[in-house]
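Here is what each chain is made of, one letter per residue.
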Amino acid sequence: MRGQKLIIDGKKKIPATNINGYLIDGPNIEVESRATPLCDVPKMMRGSQPADGGFLIIEAKDREEFLEREPRAEKFIRRYMMGNEFINGLGRYCLWLVDVSDEEIESMPLVAARVDAVRQFRLSSKKAATRKAADRPSLFQEIKQPSTEFIAIPVVSSERRKYIPMGYLQPDVIVGNKLMCLPDANLFHFAMLESIVHMAWMRTVAGRLEMRYSYSNTIVYNNFPWITPTAQQYLQLSSLAEIILEIRDEHDDMTLAQLYNPESMPDDLRDVHDQIDRLVMSMYGFDESWSEADMIGQLLLMYKDLSALVTR
């Protein structure tokens, strides 16, 4: 029919009533950046920004030699993770010198040399904030390290995955700015974030790095329209989230990248994710036959109604 709107998906031509800015058949609603969550959920933050020229970072291959030459530094070396290390189970470390005196740093020549290199790197920066951080070169430029157990979400993740791999980390693991951190979150929050409903939302509103997803707190998480569960739903989702973590532990020979690769995802892990998906979809009143585009149309309307009630 002349004038018929169509969405082209591969070889499929899908009739549409209205093609919005997200290239789906849905309402013309644009999700805007928000500093705090739209709903009553824990606050998410990005990990710490080193801005150190790499001098506070110790690669796994260099750690042993560094400690042989500077054994007193061992208590200041922490496991360090960006998104790549988190997803692929890679070893990486950093010098974490919070509350360490200048005198103690000077007593470790290799550490002192690295700190001085950070100072020189920052002083040469074109950014005023980075130059200012040269006054405290032993520390990351921005420190946003959780003090309790937290959910870690990689900022960048492959578009091939049905689910972004998320997981719990302890506060002694230092997280860089390519990991989002969600302290004060429980198993219910974990299950909701790993659900197909949240993943559909993310796939629609998130930015992209090449074709990979770029997760953010200000666009994806803070604007997600959460649903209030019944007591039974809350317990069910919390139980299923715990089972996911147990299954991952049972497959401890696999990294998160392998566990969530569509071709190698274990059947038992896939089954529990399917159970979470069905339950969360039912909570939102979504039919199991709905496509992600169907879900997004309703989520955008929920977002519009909620954002009208909340001051940014």
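Everything below is about the structure printed above this text.
Every value quoted in this text rests on a predicted model; they were computed, and no experiment measured them.

Asker: Can you walk me through the packing of aromatic side chains in this structure?
Answerer: Any two aromatic rings considered together are summarised by their centre-to-centre distance and by the angle between their planes. For the structure on display, the rule yields 12 aromatic pairs. Here the aromatic cluster, defined as three or more aromatic residues joined through ring pairs, consists of Phe188, Trp201, Tyr221, Phe224, Trp226, Tyr234, Tyr284, Phe286, Trp290 and Tyr303. Taking NZ or CZ as reference, arginine 63 lies 4.8 Å from the ring centre of tyrosine 93, over its face.

Asker: Before we go on, may I ask you to explain the packing of helix H7 (residues 196–205) against helix H12 (residues 292–309) in this structure?
Answerer: The packing of two helices is summarised by the inter-axis angle and the distance between the axes. Where H7 meets H12, the axes come as close as 9 Å, and the angle between the chain directions of the two elements is 85 degrees. One way to sum up the angle between H7 and H12 is to call them roughly perpendicular. Facing H7, whose interface residues are Ile196, Val197, Ala200, Trp201, Arg203 and Thr204, H12 presents Glu292, Met295, Ile296, Leu299, Leu300 and Tyr303.

Asker: For this particular structure, what's the right way to read the sheet that holds strand S5 (residues 77–81)?
Answerer: Working definition: the strands of a sheet are paired by backbone hydrogen bonds and lie parallel or antiparallel to each other. The strand order across the open sheet formed by 4 strands is S4-S6-S5-S10, and the pairing between neighbours is mixed. Every other strand in the sheet has two partners, leaving strand S4 (57–59) and strand S10 (174–175) as the edge strands with one partner each. Note that S4 and strand S6 (residues 92–95) share 3 bridges and pair antiparallel. Bridging across to S6, glutamate 59 finds its partner in arginine 92. Sheet strands in contact with helix H1 (residues 60–69) are S4, S5 and S6, and its direction is about 100 degrees off that of S4.

Asker: Got a minute to help me understand the pattern of salt bridges in this structure?
Answerer: Side chains that differ in charge, positive against negative, can pair when their charged atoms come close. Taken as a whole, this structure holds 9 salt bridges when the rule is applied. The salt bridge involving aspartate 62 is made with lysine 61; its shortest N-O contact spans 3.3 Å. For aspartate 62, a relative accessible area of 29% translates into the label partly exposed. In this structure, the salt-bridge partner of arginine 92 is glutamate 85, at a minimum N-O distance of 3.5 Å. With relative accessibility at 7%, the residue glutamate 85 sits in the buried group. When salt bridges that share partners are traced, they join Glu59, Glu85 and Arg92 into one network.

Asker: Where do I start with unusual backbone geometry in this structure?
Answerer: Residues apart from glycine generally show negative phi values, whereas peptide bonds are mostly found in trans. The backbone of aspartate 99 shows a phi angle near 65 degrees, a positive value even though the residue is not glycine. Tracing the backbone shows aspartate 99 in the loop between S6 and helix H3 (102–106). Here aspartate 99 falls in the exposed class, since its relative accessible area comes to 79%. Of note in the backbone geometry, aspartate 184 takes a positive phi value of approximately 65 degrees without being a glycine. When you line up the elements, aspartate 184 lands in the loop between strand S11 (179–183) and helix H6 (187–193). For aspartate 184, a relative accessible area of 65% gives the class exposed.

Rules used throughout
- Residues numbered from 1 in each chain as written.
- Predicted model: local features only at pLDDT ≥ 70, side-chain atom pairs only at ≥ 80, totals over all residues.
- Heavy atoms only, no water.
- Phe/Tyr/Trp six-rings, centres within 6.5 Å; stacked < 30°, edge-to-face > 60°.
- Lys NZ or Arg CZ within 6 Å of the ring centre and 35° of its normal.
- Axes fitted to C-alpha atoms, helices over the stretch in contact; angles between N-to-C directions.
- Helix = DSSP H or I, 4+ residues; strand = E, 2+ residues; numbered from the N terminus.
- Parallel < 35°, antiparallel > 145°, perpendicular 65-115°, else oblique.
- Contact = heavy atoms within 4.5 Å.
- Pairing = 2+ DSSP bridges.
- Salt bridge = Lys/Arg side-chain N within 4 Å of Asp/Glu carboxyl O.
- Buried < 20%, exposed > 50% of the residue type's maximum accessible area, 1.4 Å probe, protein only.

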